[in-house]
Amino acid sequence: MTANGDDRQRILTGVRPTGALHLGHYAGALENWIRLQDEYDCHFLIADYQVSDHADDIDRVREAVIEVATDWLAVGLDPDRSHFVIESLIPEHAELTTLLSWFIGMGRLERNPTLKAEMDELEERGMSFEDTEREGKRQVVRERGAVPVAFFTYPIMQVANILMPRAHLVPVGEDQLPHIEMTRETARRFNRRFGEVFPEPRGLVGRVPRLVGTDGNAKMSKSVGNTIDLKDDAETVERKVMRMYTDPTRLRATDPGHVEGNPVFMYHDAFNPDTAEVDDLKERYREGRVGDVEVKRKLAAALNTFLDPIRERRSHYEANPAEVREALARGTEHARGVAQDTMADVRSALGLNYLDG
């Protein structure tokens, strides 16, 4: 039984507040969260400590925190059944990150494939991992931006985020599974040395492990403009769909086309509930009897049908922002109590309760 008397197992999952959420977030995470909130004690975290690459624009981060929570409410996450949590309003997260950093070596961080991929992405964006020397004085590269130390320590904070509520299950995208394994290793190491404090969490990948970007890129990212956002209006959705990458080997509508690996059909599979229509489109596409325009128009129609109720709920919360802030306040207050209980046990296990009798 958890500390608040709830006998359900606990979930921790969340997102970084970098902007509005998109279809990739829904297919890879939110769809699962909606179902799980009836079965588990769910803590949904807005990880604003982990925005080191947006630290120069805190006003935008502040807006994104509200935007993320608004999207959560719009898709059907219920703050009466789960807890919306702002990471930075629970300072225990920073404390546990510091303590866990005693037990996680740099070598372990550098072996994390997710971190490696993100380092490559930052270098492609022109970020520097080294300072420069100019006229004998050390000067941090600012023209393109230097990668802060926080970038290298955020995987430890992700471990702390999961262990703080003593989560049993962590719904994640496929690319986040290495973080779950590092969390399990850290929990085992801590428990062996200091006694049983943390459960070993399990990862849970959604129905669609990874939805590619509209440009066919494996990673959907707002920074490269290959997303369809949950808040996009019908015209925006249609415009983005009509520009989607398809089969580059298909020059004419009468050419046989490839369905596998084709982003348009991936989106049909993920969001078009009319399986008979999708199967018919696939068959005709393979045989060269349907053009990309028809396939895309039917996808746009399916996506807009899917997004219409989300847009309607979102407009309600945009008109009533106090409801969004209240959901965040209640969830964060609850999670702060859980965090204080966890840290009391962590300090006791480590012998840091110096003033206790």
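Preceding this paragraph is the structure being described.
Everything numeric in this text was worked out from a predicted model, so none of it was measured.

A. Summary view of helix α11 (residues 292-319). Here α11 is 28 residues long and its end C-alpha atoms lie 38 Å apart, about the 40 Å a rise of 1.5 Å per residue gives. At L307, α11 is deflected by roughly 35°, the largest bend along its length, and proline P309 occurs up to four residues later in sequence.

B. Summary view of the pairing of strand β1 (residues 10-15). Of all 6 residues that make up β1, 5 are buried, and the element is covered over most of its length. Examined bridge by bridge, β1 and strand β2 (residues 41-46) share 6 bridges and lie parallel to one another. Within β2, the residue paired with R10 across the bridge is D41.

C. Spatial organisation of helix α9 (residues 263-271). With respect to burial, α9 is a largely interior element, 7 of its 9 residues being buried. For α9, the complete set of buried residues consists of P263, V264, F265, Y267, H268, A270 and F271. Against the buried residues of α9 lie α1 (23-36), α10 (275-287) and α11. Its side-chain oxygen placed 3.1 Å from the backbone nitrogen of V264, N262 serves as the N-cap of α9.

D. Spatial organisation of the packing of aromatic side chains. One pass over the structure, following the stated rule, counts 14 aromatic pairs. Look at Y26 and F306: their rings are 4.9 Å apart centre to centre, the planes differ by 75°, and that puts the pair in the edge-to-face class. Taken together, the positions of Y26 in helix α1 and F306 in helix α11 put the pair 280 residues apart, joining distant regions of the chain. Ring geometry for W33 and W72: centres 5.8 Å apart, planes at 70°, overall edge-to-face. Here W33 is found in helix α1, whereas its partner W72 is found in helix α2 (residues 58-75), with 39 residues between them in sequence. Its end group placed over the ring of Y285, R250 keeps NZ or CZ at 4.0 Å from the ring centre.

E. Highlighting empty space enclosed by the protein. One pass over the full model with this rule turns up 1 cavity of 30 Å³ or more. A volume near 80 Å³ is recorded for the largest cavity. Along its surface, the largest cavity is lined by L12, H43, L45, V85, I90, H93, N161, M164, P165, A335, V338 and A339. Breaking the lining of the largest cavity down by element, the ones donating at least two residues are β2 and α12 (321-350). Examining the composition of the lining of the largest cavity, we find that 3 residues originate from one element, α12, more than from any other. Residues of the lining of the largest cavity, tallied by class, amount to 9 nonpolar, 3 polar and no charged.

So, how was this worked out
Residues numbered from 1 in each chain as written. Predicted model: local features only at pLDDT ≥ 70, side-chain atom pairs only at ≥ 80, totals over all residues. Heavy atoms only, no water. Helix = DSSP H or I, 4+ residues; strand = E, 2+ residues; numbered from the N terminus. Expected span 1.5 Å × (residues − 1). Bend = angle between axes of the 7 residues up to and from the residue. Buried < 20%, exposed > 50% of the residue type's maximum accessible area, 1.4 Å probe, protein only. Pairing = 2+ DSSP bridges. Contact = heavy atoms within 4.5 Å. Polar contact = N/O pair within 3.5 Å; in protein donor to acceptor, adjacent residues only side chain to side chain. Phe/Tyr/Trp six-rings, centres within 6.5 Å; stacked < 30°, edge-to-face > 60°. Lys NZ or Arg CZ within 6 Å of the ring centre and 35° of its normal. 1 Å grid on protein atoms, 1.4 Å probe; cavity = no way out; pocket = protein on both sides within 12 Å on 5 of 7 lines; lining within 4 Å. Points joined across faces, edges and corners; volume = space filled by probe spheres on them. Nonpolar A, V, L, I, M, F, W, Y, C, P; charged D, E, K, R; others polar.

By themselves, these are just geometric observations and shouldn't be taken as functional.
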